[in-house]
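# Structural characterization, general
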Amino acid sequence: MLSDRSYMRDDYEASRTSVLVWLVCALVAGFLLHVLFDRALNTTAFASLTELSSRGLREWKVWTLLTHPFVDNGIFSVLFNCLSIYFLGRELLPLVGEKRFLGLIAACAIFAGLSWFAVNHDRAGVLNGATSISCGLLILYACINPNREITLLLFFILPVTVKPKYLGWIVGGIALLGMVAGEIPGGSYATGIPHSAHVGGIIAALLYFLLVHQREWLNADSRPSIQLPAWFQKKKSSAQTTTPNYKVNLTNRADLRAEVDRILDKINSEGFGALTAEEKKILDDARDSLSRR
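Given the structure is predicted, the values throughout are model-derived calculations rather than measurements. (Residues numbered from 1 in each chain as written. Predicted model: local features only at pLDDT ≥ 70, side-chain atom pairs only at ≥ 80, totals over all residues. Heavy atoms only, no water.)

### Remarks on the overall build of the protein chain
As a reminder of what qualifies: In this description a helix means any DSSP run of H or I spanning at least four residues, a strand means any run of E spanning at least two, and both kinds are numbered starting from the N terminus. Working definition: with a 1.4 Å probe on protein chains only, accessible area under 20% of the residue-type maximum means buried, over 50% means exposed, and in between means partly exposed. Here the Shrake-Rupley method, with its probe set to 1.4 Å, supplies the accessible areas, and only the displayed protein chains count as covering residues.
Looking only at helices and strands, the protein chain has eleven helices and four strands in total. Per-residue burial over the protein chain gives 36% buried out of 293 residues. Accessible surface, the protein chain: about 18,200 Å² in total, of which carbon and sulfur atoms supply 63%.

### What to know about the environment of His198
Where we set the bar: Any pair of residues with heavy atoms lying within 4.5 Å of one another is described as a contacting pair.
With respect to the helices and strands, the residue His198 is situated in helix α9 (residues 195-213). You can call His198 buried: its relative accessible area is 11%. The sequence separation of His198 and Thr131 amounts to 67 residues, and the corresponding C-alpha distance is 6.8 Å. In contact with His198, other than residues within four places in its own chain, are Thr131, Ser132, Cys135, Ala175 and Ile193.

### Considerations on the confidence of the model for the protein chain
Put simply, the rule reads: The predictor reports its confidence for every residue as pLDDT, a score running from 0 up to 100.
A residue-level look at the protein chain finds 74% of positions with pLDDT of 70 or above and a mean pLDDT of 79. Contacts for the low-pLDDT stretch residues 220-228, under 50 throughout, to residues beyond four places or in other chains number twelve contacts. Predicted confidence is poor over residues 236-246, with pLDDT under 50, and the contacts of this stretch with residues over four places away or in other chains come to zero contacts.

### Some words on the packing of helix α7 (residues 131-144) against α9
Put simply, the test is: Axis definition: a line fitted to C-alpha atoms, over the contacting stretch in the case of helices. Angles run 0 to 180 degrees between N-to-C directions. Left-handed describes a crossing whose near helix is turned anticlockwise from the far helix by less than a right angle; the clockwise case is right-handed. By the convention adopted, Pro, Cys, Tyr, Trp, Phe, Met, Ile, Leu, Val and Ala count as nonpolar, Lys, Arg, Asp and Glu as charged, and the other residues, Gly among them, as polar.
One can describe the packing of α7 onto α9 by two numbers: an axis separation of 7 Å at closest approach and a directional angle of 35°. The way α7 lies across α9 gives a crossing that is right-handed. Of the residues in α9, those in contact with Thr131, Ser132, Cys135, Gly136, Ile139, Leu140, Cys143 and Ile144 of α7 are Ala197, His198, Gly201, Ile202, Ala205, Leu206, Tyr208, Phe209 and His213. Looking at the contact of α7 with α9 residue by residue, the class counts come to eleven nonpolar, six polar and no charged.

### Quick notes on a nonpolar patch on the surface
The condition is simple: Nonpolar side chains (Val, Leu, Ile, Met, Phe, Trp, Tyr) within 5 Å and like charges within 9 Å form the patches, drawn only from residues with over 30% relative accessible area and no salt bridge. Any Lys or Arg side-chain nitrogen found within 4 Å of a carboxyl oxygen on Asp or Glu counts as a salt bridge.
A cluster of nonpolar side chains, Ile75, Phe76, Leu79, Leu83 and Phe87, forms an exposed patch at the surface whose accessible area comes to about 520 Å². Tracing the chain through its elements places Phe76 in helix α5 (residues 75-96).

### Focus: the packing of helix α6 (residues 98-120) against α9
Relative placement of two packed helices is described by the angle separating their axes and the distance separating the axes. What counts here: Put simply, angles under 35 degrees are roughly parallel, angles over 145 are roughly antiparallel, angles from 65 to 115 are roughly perpendicular, and the rest are oblique.
Put simply, α6 and α9 touch, their axes get as near as 7 Å, and they point 140° apart. Taken together, α6 and α9 sit at an angle that is classed as oblique. Relative to α9, the crossing made by α6 is right-handed. Residue-level contacts link Arg100, Leu104, Ala107, Cys108, Phe111, Ala112, Ser115, Trp116, Val119 and Asn120 of α6 to Ser196, Ala197, Gly200, Gly201, Ile203, Ala204, Ala205, Leu207, Tyr208 and Val212 of α9. Each residue belonging to the contact of α6 with α9 can be placed in one class, and the counts come to 14 nonpolar, five polar and one charged.

### What about the environment of Pro164?
Inspection of the secondary structure assignment puts Pro164 in helix α8 (residues 164-183). Spatially, the C-alpha atom of Pro164 lies 6.4 Å from that of Asn147, the residues being 17 residues apart in sequence. Not counting residues up to four positions away in its chain, the partners in contact with Pro164 are Tyr141, Ala142, Asn145, Pro146, Asn147, Arg148, Glu149 and Ile150.

### Considering the pattern of salt bridges
Enumeration over the complete set of coordinates arrives at two salt bridges. Residue Glu59 pairs with Arg55 through a salt bridge whose shortest N-O separation is 3.1 Å. Exposure remark for Glu59: the relative accessible area of 42% places this residue in the partly exposed category. Linking Glu91 and Arg148 is a salt bridge whose minimum nitrogen-to-oxygen distance equals 3.4 Å.

Put into structure tokens, the structure is as follows:
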């Protein structure tokens, strides 16, 4: 029954820690370790192992494409990224599911590192911090909920209400302009802000939205929109049996509970956005049907 699920009732028991909380804890832990090694122990061993640099990539330190967001040396930068990732992730996690959310985080980090390396491959300097992930999550949220008004605390004091699509255009425009007009020319035009990394995180989020979130062919319950040509497909032998098409008898209480359990498991693993229209209708009908019995 719906009430048997911990996330469908009010008196639920404590659930396991979500990946979002673990991600924020990892960001804080990386900051503390960086401070410990750099300032307390006066060594750059931790930074050289985790920060992304052009020299490091040329020496095949490819893991730094994933580790550089967890290293930062500014407390305000860490605080901003932790808050933005937590609040944006809290909205996105039920829509995309934990596995896809982690994949999106990894894609933002990798694209940010590659984009930064493409612009700064012949320069010194390092890339660290999770701002590219914050930018990516903001752009994805703006694509999914462009007109849903949100309230931000400007400088953590002044409340400002804005639509996500406008905020996305502003953040994307600043990142692109900063990369083209400041970072690529370098020299006196450089601002010290890794705009190219922010652009990489934004590109990863846009690709996810276009190729994953909006594409029905990636849904396991729908047929793929791309198929092999008929002449390339193997013909099935006449003796081969096909799987019969059948539908669950939802008039039976036991079958209805089993189907609702399957749908709720799918929501928990893949997110609500992965449901088909028929599954959403079954879930709505079951809520009323099971509550009356």
